[in-house]
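# Observations on the three-dimensional arrangement
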Amino acid sequence: SYKFTGLNNEGYPTFDGLTGDYTTEYQKLQNGLVYSGSRLPLVYGGLSTDLRYKRLTLSVNATFKADYAVRLLALYNSGTSMPRSYENLSDVFNNRWMKPGDELTTNIPRLNATTTSISEVGIEESSVTTGYTTLERMYDVSDVRTAKGDHIRLKSITLSYKAPEFWGIKGMTVRAQAQNIAVFCFDKNLRGMDPDQVRNIGMPALPYYTFAVNFSL
């Protein structure tokens, strides 16, 4: 990630290590970027348990992932600073820079009608900036726009009842199940986003419910 160092007094993001007399491309990469974490969880697992009482069975399935990082949803996904008329604007911009002095209390850049080229602020294009030639794009992939992806996911809960034989019906089982129930995240910066969905729209998978009756004669 780029090393975000805050906003300047005009509301533009600033970065460390992108200017200087570096003799090799390796020096540019080493000074201009910072490690934000693994993109794949280094710790993961699951839990499945069944609780039985007489003819009732309660099944719970959960998974967890830990020790990895995710990028927050891009704020500038249209290639321009100001979103187009058909695009939604993230509510984080409610806390954006709007006047000199705001840089002391927020890290959300100003909104402009166009993007700001890195050359306008004295940053030269190099191997470090390849593909990210505007301050807006660099901000989206800076360390301030990363979060810990650690979470616990409650995948499903199933309640089943095995009925005794009656009216000639044998082995009747009534089952109710809920899936995609909840995601419990530990980094408040995710603000409700699903760590497994941050490349899309960030919303958790919608829960759904099923009810089934199985029997034989």
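## Examining the pairing of strand 2 (residues 13-16)
Side chains of strand 2 alternate between two faces, with Pro13 and Phe15 buried and Thr14 and Asp16 left unburied. Note: strand 1 (residues 3-7) against strand 2, four bridges, orientation antiparallel. From the neighbouring strand, Phe4 faces strand 2, where its bridge partner is Phe15. What sits between the antiparallel neighbours strand 1 and strand 2 is a turn of five residues, in which Gly11 has the positive phi angle 90 degrees.

## Let's talk about the nonpolar core
Formed by 20 residues in total, the largest nonpolar core has its most connected members in Tyr2, Phe15, Leu18, Leu75, Phe93, Met138 and Tyr139. Counting only elements with at least two residues in this core, the list comes to strand 1 and helix 2 (135-140). Apart from the residues lying within four places of it in its own chain, the contact partners of Phe15 are Tyr2, Lys3, Phe4, Thr5, Leu135, Met138, Tyr139 and Ser142. Counting six residues, the second-largest nonpolar core is a separate cluster that includes Leu72, Ala147, Leu190 and Met193.

## A short note on empty space enclosed by the protein
Taking a probe equal in size to a water molecule and rolling it over the atoms shows the remaining empty space. Applying the stated criterion across every chain, the model contains one cavity of 30 Å³ or more. In this structure, the largest cavity occupies an estimated 40 Å³ of space. Taken together, Gly11, Tyr12, Pro13, Tyr76, Pro109, Arg110, Asn112, Leu135, Glu136 and Tyr139 make up the lining of the largest cavity. A total of three residues in the lining of the largest cavity trace back to one element, the largest contributor, which is helix 2.

## What to know about a nonpolar patch on the surface
Together, Leu42, Val43, Phe64, Ile152, Phe184 and Phe186 make up an exposed nonpolar region whose accessible area comes to about 590 Å². Relative to the helices and strands, Val43 resides in strand 3 (residues 43-53).

## Examining the sheet that holds strand 8 (residues 170-185)
Spatially, 3-4-7-8-9 is the arrangement adopted by the five strands of the open sheet, whose pairing is antiparallel. At either end of the open sheet lies a strand with only one pairing partner, and these are strand 3 and strand 9 (208-216). Sheet twist, expressed as the average angle between the axes of neighbouring strands with direction ignored, equals 15 degrees. Bridge count between strand 7 (residues 151-162) and strand 8: 11 bridges; the pairing is antiparallel.

Procedures and definitions
Residues numbered from 1 in each chain as written. Predicted model: local features only at pLDDT ≥ 70, side-chain atom pairs only at ≥ 80, totals over all residues. Heavy atoms only, no water. Buried < 20%, exposed > 50% of the residue type's maximum accessible area, 1.4 Å probe, protein only. Helix = DSSP H or I, 4+ residues; strand = E, 2+ residues; numbered from the N terminus. Pairing = 2+ DSSP bridges. Core = buried A, V, L, I, M, F, W, Y, C linked by side-chain atoms within 4.5 Å. Contact = heavy atoms within 4.5 Å. 1 Å grid on protein atoms, 1.4 Å probe; cavity = no way out; pocket = protein on both sides within 12 Å on 5 of 7 lines; lining within 4 Å. Points joined across faces, edges and corners; volume = space filled by probe spheres on them. Patch = residues over 30% accessible without salt bridge, like charges linked within 9 Å, V, L, I, M, F, W, Y side chains within 5 Å. Areas by Shrake-Rupley, 256 points an atom, 1.4 Å probe, with all protein chains shown as cover. Salt bridge = Lys/Arg side-chain N within 4 Å of Asp/Glu carboxyl O. Axes fitted to C-alpha atoms, helices over the stretch in contact; angles between N-to-C directions.

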